[in-house]
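Examining the three-dimensional arrangement
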Amino acid sequence: MSTESHLRIIWLYPDLLSTYGDRGNLLILARRADLRGLPVECAEVRADQPVPADGDVYLIGGGEDGPQALAAQRLIADGGLHRAVERGATVFSVCAGYQLMGHAFFAKGTKCPGLGLLDITSDRGETRAVGELAGEVDPMLGLPMLTGFENHGGRTHLGPGVRPLARVTTGIGNDGASEGAWKGRVLGTYSHGPALARNPAIADLLIRWATGLQLEPIDDRWPTKLREERLSAVR
Ligand SMILES: NC(=O)CC[C@H](N)C(=O)O
């Protein structure tokens with residue numbers, strides 16, 4: 001955590017990338033940290049602002065091809081997120097934000113360079129993947145089923161440098177078989193909905209990665225109801 005021992009959460013480029021409730025990821029993460037008594041500081045960094053390299057957790061959401069390509073260009077030119085990851089910062093990226101963590105992705109028919117922070121490459125599928133997404137999370141992460149909503153034209157191929165976040169049971173995710181990817185403290189998913197509201201265990205994982213703390217359980221009756229409702233809809 002940062003020097004004043006605040007958990008510093010940085011929401012990247014909300015002006016370009018934030019669809020299907022992605023902003024909720026910021027609210028849930030801050031709330032779950034706060035309920036554990038952790039002081040939290042949230043910053044929203046727009047695409048015309050420099051990316052501070054001293055954050056603890058960086059969030060980036062999904063969006064359409066044009067804003068996605070612009071966001072990738074700006075993040076590469078800025079370099080702040082790269083410096084943060086080198087320092088061991090935690091990153092949670094969704095859909096367009098996930099694709100641009102990789103080596104390359106397609107936007108409006110053009111191949112665009114990504115940030116290269118995850119060993120993934122995205123191209124386009126024959127159909128758009130739209131609807132509920134569910135999967136069994138990588139056992140190494142020890143988390144319950146992933147649940148989310150997806151809407152993307154891209155398909156993502158994983159290199160040897162990452163592990164899939166989940167094995168798909170409903171929906172498409174990366175390619176109909178695997179969903180998302182992670183390496184170290186950088187995690188990406190196609191799951192909107194917002195992902196951390198539907199998967200509070202992922203929010204807690206991000207807080208644990210960022211703080212090194214074991215977290216006390218909190219009252220999760222409402223998120224549990226939401227998860228049961230969403231997961232039963234795809235069973
Ligand atoms: N929902 C999204 O973020 C979409 C990402 C990307 N533009 C695609 O269609 O694949």
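Residues numbered from 1 in each chain as written. Predicted model: local features only at pLDDT ≥ 70, side-chain atom pairs only at ≥ 80, totals over all residues. Heavy atoms only, no water.

As recorded by an unreviewed UniProt entry, the protein chain carries the name Lipid II isoglutaminyl synthase (glutamine-hydrolyzing) subunit GatD and is attributed to Dactylosporangium sucinum. For the protein chain, the Function (unreviewed entry) comment in UniProt is given as "The lipid II isoglutaminyl synthase complex catalyzes the formation of alpha-D-isoglutamine in the cell wall lipid II stem peptide. The GatD subunit catalyzes the hydrolysis of glutamine to glutamate and ammonia. The resulting ammonia molecule is channeled to the active site of MurT." According to the UniProt record, the Pathway (unreviewed entry) comment for the protein chain reads "Cell wall biogenesis; peptidoglycan biosynthesis." (UniProt positions renumbered as here; feature names shortened; annotations may be inferred.)

**Side note on the overall build of the protein chain**
In terms of regular secondary structure, the protein chain is built from 7 helices and 11 strands. The globule rule puts the C-alpha radius of gyration for 235 residues at 18 Å, and the 16 Å found for the protein chain is close to it. Based on the C-alpha atoms only, the size of the protein chain along its principal axes is roughly 45 × 45 × 30 Å. Burial statistics for the protein chain: of 235 residues in total, 54% are counted as buried. Considering only residue pairs separated by 6 or more positions, the protein chain has 69% of its internal contacts joining residues 24 or more positions apart. When the accessible surface of the protein chain is split by element, carbon and sulfur atoms take 53% of a total near 10,100 Å². For the protein chain, the distance from the average site of its 25 positive side-chain charges to the average site of its 28 negative ones is 1 Å. (Helix = DSSP H or I, 4+ residues; strand = E, 2+ residues; numbered from the N terminus. Rg over C-alpha atoms; globule rule 2.2 N^0.38 Å. Buried < 20%, exposed > 50% of the residue type's maximum accessible area, 1.4 Å probe, protein only. Contact = heavy atoms within 4.5 Å. Areas by Shrake-Rupley, 256 points an atom, 1.4 Å probe, with all protein chains shown as cover. Lys, Arg positive; Asp, Glu negative; His and termini not counted. Charge placed at Lys NZ, Arg CZ, Asp CG, Glu CD.)

**Points about the pattern of salt bridges**
A side chain with one charge may pair with a side chain of the opposite charge, provided their charged atoms come close. In this structure the tally under the stated criterion is 14 salt bridges. In this structure, arginine 8 and aspartate 54 form a salt bridge, with 2.5 Å as the shortest nitrogen-oxygen distance. Pair noted here: arginine 8 is in strand β1 (residues 7-12) and aspartate 54 is in the loop between β2 (40-45) and β3 (57-60), with a separation of 46 residues, a long-range link. Assessed through its relative accessible area of 15%, arginine 8 is described here as buried. By relative accessible area, aspartate 54 is classed as partly exposed at 42%. When the shortest N-O distance is used, the salt bridge between aspartate 220 and arginine 32 registers 2.8 Å. (Salt bridge = Lys/Arg side-chain N within 4 Å of Asp/Glu carboxyl O.)

**Observations concerning the UniProt feature "binding site: substrate" (unreviewed entry) in the protein chain**
Within this numbering scheme, the UniProt entry marks Arg128 as carrying the feature "binding site: substrate" (unreviewed entry). Looking at where arginine 128 falls in the secondary structure, it is placed in strand β7 (residues 120-137). There is a polar contact of 2.8 Å between the side chain of arginine 128 and the side chain of asparagine 151. (Polar contact = N/O pair within 3.5 Å; in protein donor to acceptor, adjacent residues only side chain to side chain.)

**Side note on the site of the ligand**
Near the ligand there are 16 residues, and of these Gly63, Asp65, Cys95, Asn151 and Gly154 occur at the shortest range. The separation between an oxygen atom of the ligand and a polar main-chain atom of glycine 153 is 2.9 Å. In isolation the ligand offers 300 Å² of accessible surface; the protein chains occlude 97% of this area. When its residues are assigned to classes, the shell around the ligand shows 3 nonpolar, 9 polar and 4 charged. (Near = heavy atom within 4 Å. Nonpolar A, V, L, I, M, F, W, Y, C, P; charged D, E, K, R; others polar.)

**Topic: the side chain of arginine 8**
A distance of 2.8 Å separates the side chain of arginine 8 from the side chain of glutamate 41, its partner in a polar contact. A distance of 2.5 Å separates polar atoms of two side chains, one belonging to arginine 8 and the other to aspartate 54.

**Re the packing of aromatic side chains**
On inspection of all chains with the given rule, the structure shows 3 aromatic pairs. Both rings, one in tyrosine 20 and one in phenylalanine 149, keep their centres 5.2 Å apart while their planes meet at 70 degrees; by these two values the pair is edge-to-face. With tyrosine 20 in the loop between β1 and α1 (23-35) and phenylalanine 149 in strand β8 (residues 146-158), the pair connects residues that are 129 residues apart, well separated along the chain. Classification of tyrosine 20 by relative accessible area gives partly exposed; the value is 38%. Judged by its relative accessible area of 23%, phenylalanine 149 is partly exposed. For the pair tyrosine 98 and tyrosine 190, a centre-to-centre distance of 5.3 Å together with 85 degrees between the ring planes defines the contact as edge-to-face. Taken together, the residues tyrosine 98 in helix α4 (residues 96-99) and tyrosine 190 in the loop between β11 (186-189) and α5 (195-198) connect sequence positions 92 residues apart. The buried category is assigned to tyrosine 98, whose relative accessible area is 0%. Directly above the aromatic system of tryptophan 222 lies the positively charged group of lysine 225, at a separation of 5.4 Å from the ring centroid. (Phe/Tyr/Trp six-rings, centres within 6.5 Å; stacked < 30°, edge-to-face > 60°. Lys NZ or Arg CZ within 6 Å of the ring centre and 35° of its normal.)

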